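Given next are the chains, with one letter for each unit.
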Amino acid sequence: MQKRLRRTDDVGLSPLKAPKLIDASLVSVVKGEVGDGSPRNPFRLPLRTEPNRRGCIHCTADTCDCRWFAEELDRCYASLSLKRETERLKKRELCAKSILPPFVARLIRIARVSPSDTFYDLGCGNGSVLFQVAALTGARCVGVEINPHNARLANDAWAYMKPILEKKYERKLEVQIVCGDFCELLRDPLYFSSSSVIWAANLLLPRPVNHFLSERLRSVPKGTRVLCFEDLYPHSRSLSRIRDPDAFDRFIFHDYQWQPETVEWCSMSGSFYLYEKRI
């Protein structure tokens, strides 16, 4: 069903003109997000004109832990003998760079990660995303990393960060880093046995791997939220529903723009996607 809706932003910007007709299921309920989530008008989170009380310009809240996380993670990785590999044998997809704490905080908000969820990071690298999600939500976090060197680094980093985070957030935290090929692990039809949140920073993955993910994730339980950089279910053209009606039946699509300065590899904004499994 379609409704006439008007969207205003919650951080003091002037009202935005919404399309005359938009799907109510695409309207963001997250504070500060503007846009309607469609390919032509993706959700965007404007930067603050003034930093919040913790000095962050990315979050809408008056306080956040983004800068604290960035500083603690820097101290953690600087103290370890192992250093992250950013390229191995010219295969960048094995050693991709990370998203930064403001991006992680936003993922938590838009995916509504809760303590009852399991959060999966497919290609977790040095583990930084897992640590922040676990600390801020209490969710069980599982990372899969194919590069043995970076998997060891992630486990060493978790040994360093766990007591710091458990003391600050006053709860027990569960983070598991698995060294392996997630394509092999996900062949188990029961790997995702309940509603989960799945993150895949899949920009550098080979096309066959992204194709495998697009097929495998169709069978995740209802309510699962999948987030990624590379669109697994192309849906921006009018012919998309005709070419892949199954994806439209199974998922609700939400298109987003990431904020500037929230990924390691560039200072500009870019696209990412949230798919919500509805059947």
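Every value quoted in this text rests on a predicted model; they were computed, and no experiment measured them.

Visitor: Honestly, the nonpolar core in this entry has me stumped. Any pointers?
Guide: Soluble globular proteins tend to bury their nonpolar side chains together. Counting 45 residues, the largest nonpolar core has I99, F103, F131, L165, I177 and W199 as its most contacted members. Broken down by secondary-structure element, the contributors of at least two residues to this core are α1 (66-79), α2 (101-111), α3 (128-137), α4 (148-169), β5 (175-179), β6 (197-200), β8 (251-258) and β9 (270-277). Among residues more than four places away in sequence, those in contact with I99 are V104, L107, V129, W199, F229, T262, V263 and W265.

Visitor: Would you explain the pattern of salt bridges in this entry?
Guide: Once the charged atoms of two side chains with opposite charge are near each other, the side chains can pair. Counting across every chain of the model gives twelve salt bridges. Between R225 and D117 there is a salt bridge, with its nearest N and O atoms 2.8 Å apart. Highlighted residues: R225 in strand β7 (residues 225-228) and D117 in the loop between α2 and β3 (118-122), separated in sequence by 108 residues. This pair shows no difference in class: R225 is buried, exactly as D117 is.

Visitor: Where do I start with the packing of α1 against α4 in this structure?
Guide: Between two packed helices, the angle of one axis relative to the other and the distance separating the axes together describe the packing. One can describe the packing of α1 onto α4 by two numbers: an axis separation of 10 Å at closest approach and a directional angle of 140°. Relative to α4, the element α1 is oriented oblique. Seen from above, α1 lies across α4 with right-handed handedness. Touching W68, F69, E72, L73, R75, C76, Y77 and S79 of α1 are L153, A157, Y160, M161, I164, L165, K168 and Y169, all from α4. Across the contact of α1 with α4, the residue classes tally to twelve nonpolar, one polar and three charged.

Visitor: Hey, could you run me through the environment of S81 in this one?
Guide: Summarising the element assignment, S81 is placed in the loop between α1 and α2. With relative accessibility at 73%, the residue S81 sits in the exposed group. In the structure, S81 is positioned 75 residues away from D156 in sequence and 9.3 Å away in space, judged by C-alpha atoms.

Rules used throughout
Residues numbered from 1 in each chain as written. Predicted model: local features only at pLDDT ≥ 70, side-chain atom pairs only at ≥ 80, totals over all residues. Heavy atoms only, no water. Core = buried A, V, L, I, M, F, W, Y, C linked by side-chain atoms within 4.5 Å. Buried < 20%, exposed > 50% of the residue type's maximum accessible area, 1.4 Å probe, protein only. Helix = DSSP H or I, 4+ residues; strand = E, 2+ residues; numbered from the N terminus. Contact = heavy atoms within 4.5 Å. Salt bridge = Lys/Arg side-chain N within 4 Å of Asp/Glu carboxyl O. Axes fitted to C-alpha atoms, helices over the stretch in contact; angles between N-to-C directions. Parallel < 35°, antiparallel > 145°, perpendicular 65-115°, else oblique. Left-handed = near helix turned anticlockwise from the far one by under 90°. Nonpolar A, V, L, I, M, F, W, Y, C, P; charged D, E, K, R; others polar.

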